[in-house]
Amino acid sequence: MKNKKIIPLTPHTGGVLDPNQVIGREKVIEKYWKILQRQGFVLYAERRFGKSAVLTKMNAENREGFLTIYIGVEGAKDADEFVEKLFDSALKAKLFEESGLKKIENAFYEFTSYIPKAGTVEFGVKDKKWGKQFNYFLTLLVEQHEKKYIVIMLDEFTIMLNKMEKSEAANILGYLRDLVQHDFSERLRFVYCGSIGIDLVLDKLKKSGHNIGDPINHISKQRLLPFGDEEAMFFCECLNEGCKLKLPEEIMKYICKLSDNIPFFIDALFDKIRYNPGIDKSVIDSALHAILNDPGDMNNLKHFYDRIDNFYPNKILTNQILNYLSKKDEYTSEDEIAEQINKIMTTDRILLNDEVDRLWRDGYLKREMTNGKRNFKFNYSIIKKWWAINKAY
């Protein structure tokens, strides 16, 4: 990035980044702050794309006009634990006035389903304990932080929903939407973040018999993409400086190309090559092969297979589609995909269309239209190569 000071970095593959180490996301972060002035958003992308890093950097900024709470909720097993985690995060961040802190904490944990009122906060007859607790502490935040947007960033929110009882997950989604649309419509924003697409989780809830409507129709959907070319090269330059490698521009561009500009895989490649005495393209190729062919799956690439196994309704068909496309370098027409799949298994064309469309919307595939025909290929070459090595047959 022109005229930008190089920040020496060393590989941090899989570790927790300090917010100051999160680089190359400045433009997208500014975009997200502007969105939060209007509404919350769903932040989605494949695993290892840097969603958590973006949110932790935003949370650390102390942006004027915003009060942020960032929390990973993957481990919350039910709504009670979910709300308690949020409250504990607010306490640790010292978001309440110190003078009344003990009183606030006591009131929160003394709630039962039968309490109709807490201070000035009144509850409905059917409100659950966790709902009353949530409403209570949100009301306090709004009162104590006037003229600020309250932004609650829920990392791995979709994993939490998927692990819960379906009725509990449906209740949480409905309740959070009601909070934003009614009780705190001017000031409250949620960011739902997850490496499992929220649409997959919603489909699962609906198919289990829960009439949830569209519980995210009030918020924006934002897909976090890999770096642009400029950001990817700047990240390489920072790693190059931090690792004291003195790689030429040609080699750094090759690293960016092989990693599809995905920051995690740029980092992973530097981690593999940093102690090599002489680094050329063959060394980079060997490093990538080691990542893709790792029996321990240290980079968690199997996630792309597991999410299909857990969420896709026709996973055998889906796997066959990806098996075929993993052997193709160019765009392939949907007609050709259907023809080849039907040589292996009999399938309805509408069903195949639905599965290809699901893979496209979920980020596995990219699509182009040629002469009115849909054509597809893997979205990222690194995922295509991993699939061809580890899953295709």
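This one's a predicted model, so the numbers in the text were calculated from it and none came from an experiment.

Here we take up the sheet that holds strand β10 (residues 373–378). Ordered by their spatial adjacency, three strands build an open sheet running β8-β10-β9, and the pairing between neighbours is antiparallel. For this open sheet the edge positions go to β8 (332–333) and β9 (365–370), each flanked by a neighbour on one side alone. Summarising the sheet, β9 and β10 pair through six bridges and their orientation is antiparallel. Among the inter-strand pairings, Lys366 is bridged to a residue of β10, identified as Lys377. Packed on one face of the sheet, helix α14 (residues 315–325) meets β8, β9 and β10 and runs near 80° to β10. Of the strands in this sheet, β9 and β10 touch helix α16 (residues 349–361), which is tilted by about 115° from β9.

Before going further, it helps to spend a moment on the packing of helix α13 (residues 303–311) against helix α17 (residues 381–390). Across the interface, α13 lies against α17 with an axial gap of 10 Å and an inter-helix angle of 75°. The angle between α13 and α17 falls in the class roughly perpendicular. In this structure, α13 uses Phe304, Tyr305 and Ile308 to contact α17, whose residues at the interface are Ile383, Trp386 and Trp387.

A few words now on the sheet that holds strand β5 (residues 149–155). Ordered by their spatial adjacency, five strands build an open sheet running β2-β5-β6-β1-β7, and the pairing between neighbours is parallel. The sheet is open, and its two borders are formed by β2 (66–72) and β7 (220–223), each paired with just one other strand. Across the sheet, the mean angle from the axis of one strand to that of its neighbour is 15°, orientation sign disregarded. One ladder, built from four bridges, connects strand β1 (residues 41–44) with strand β6 (residues 188–194); its direction is parallel. By the bridge assignment for β6, Phe41 is matched with Val191.

A separate point is the pattern of salt bridges. Overall, the coordinates contain 21 salt bridges when judged by the stated rule. Here Glu26 ties to Lys4 by a salt bridge, and the two come within 3.1 Å at their closest N and O atoms. Residue Glu26 is found in helix α1 (residues 26–36), and its partner Lys4 is found in the segment before α1; the two are separated by 22 residues along the sequence. What makes Glu26 partly exposed here is its relative accessible area of 30%. Residues Arg63 and Glu61 are paired through a salt bridge, measuring 3.0 Å at the closest nitrogen-oxygen approach. Assessed through its relative accessible area of 24%, Arg63 is described here as partly exposed. One salt-bridge network, in which partners are shared between bridges, spans Glu334, Asp335, Arg349, Lys373 and Arg374.

A few words now on helix α12 (residues 281–292). The end-to-end C-alpha distance of α12, which contains 12 residues, comes to 17 Å, matching closely the 16 Å that a straight helix rising 1.5 Å per residue would cover. Packed against the buried residues of α12 are α10 (249–258), α11 (263–273) and α17.

A few words on the packing of helix α7 (residues 166–183) against helix α8 (residues 198–207). Running from N to C, α7 and α8 cross one another at 120°; their axes reach a closest spacing of 10 Å. Accordingly, the angle class assigned to the pair α7 and α8 is oblique. As α7 runs across α8, the sense of the crossing is left-handed. Contacts from Lys166, Ala169, Ala170 and Leu173 of α7 reach α8 at Leu202, Lys204 and Leu205. Here the residues of the contact of α7 with α8 are counted per class, giving five nonpolar, no polar and two charged.

This part covers the confidence of the model for the chain. Averaged over every residue, the pLDDT of the chain is 90; residues scoring 70 or more account for 94%. This model gives residues 117–121 a pLDDT under 50, and the stretch forms 10 contacts once residues within four places in sequence are excluded.

In this structure, Phe82, Phe134, Leu154, Phe157 and Leu176 are the most contacted members of the largest nonpolar core, which totals 133 residues. Aside from chain neighbours lying at most four places away, what touches Phe134 is Phe82, Val83, Leu86, Ile152, Tyr175, Leu176, Leu179 and Phe190.

Below, the discussion takes up the environment of Asp78. Mapped onto the fold, Asp78 is located in the loop between β2 and α3 (79–92). Beyond its immediate sequence surroundings of up to four residues, Asp78 is in contact with Met164 and Glu168. Side-chain polar atoms of Asp78 contact the backbone nitrogen of Asp80, separated by 3.3 Å.

The full count for this structure, using the stated rule, is 24 aromatic pairs. When the centroid spacing of 5.9 Å and the interplanar angle of 75° are considered together, the rings of Phe87 and Tyr109 count as edge-to-face. In this pair, Phe87 sits in helix α3 while Tyr109 sits in helix α4 (residues 101–109), placing the two residues 22 residues apart along the sequence. An aromatic cluster is present here, built from Phe82, Phe87, Phe96, Phe108, Tyr109, Trp130, Phe134, Phe137, Phe157, Tyr175, Phe190 and Tyr192 joined pairwise through their rings. Directly above the ring of Tyr305 sits Lys391, whose terminal nitrogen or CZ lies 4.0 Å from the centroid.

For the rest of this paragraph, the subject is unusual backbone geometry. Of note in this structure, Lys94 is not a glycine but carries a positive phi near 55°. By the element assignment, Lys94 lies in the loop between α3 and α4. For Lys94, a relative accessible area of 65% puts it in the exposed group. Phi is positive for Asp297, close to 50°, though the residue is something other than glycine. You can see Asp297 is positioned in the loop between α12 and α13.

Moving on, we come to the pairing of β10. The side chains of a regular strand alternate between the sheet's two faces. In this sheet, β10 lies alongside β8 in antiparallel orientation, the contact comprising two bridges. Residue pairing for β10: Thr332 is matched across the bridge by Phe376.

About the cut-offs
Residues numbered from 1 in each chain as written. Predicted model: local features only at pLDDT ≥ 70, side-chain atom pairs only at ≥ 80, totals over all residues. Heavy atoms only, no water. Pairing = 2+ DSSP bridges. Helix = DSSP H or I, 4+ residues; strand = E, 2+ residues; numbered from the N terminus. Contact = heavy atoms within 4.5 Å. Axes fitted to C-alpha atoms, helices over the stretch in contact; angles between N-to-C directions. Parallel < 35°, antiparallel > 145°, perpendicular 65-115°, else oblique. Salt bridge = Lys/Arg side-chain N within 4 Å of Asp/Glu carboxyl O. Buried < 20%, exposed > 50% of the residue type's maximum accessible area, 1.4 Å probe, protein only. Expected span 1.5 Å × (residues − 1). Left-handed = near helix turned anticlockwise from the far one by under 90°. Nonpolar A, V, L, I, M, F, W, Y, C, P; charged D, E, K, R; others polar. pLDDT = per-residue confidence, 0-100. Core = buried A, V, L, I, M, F, W, Y, C linked by side-chain atoms within 4.5 Å. Polar contact = N/O pair within 3.5 Å; in protein donor to acceptor, adjacent residues only side chain to side chain. Phe/Tyr/Trp six-rings, centres within 6.5 Å; stacked < 30°, edge-to-face > 60°. Lys NZ or Arg CZ within 6 Å of the ring centre and 35° of its normal.

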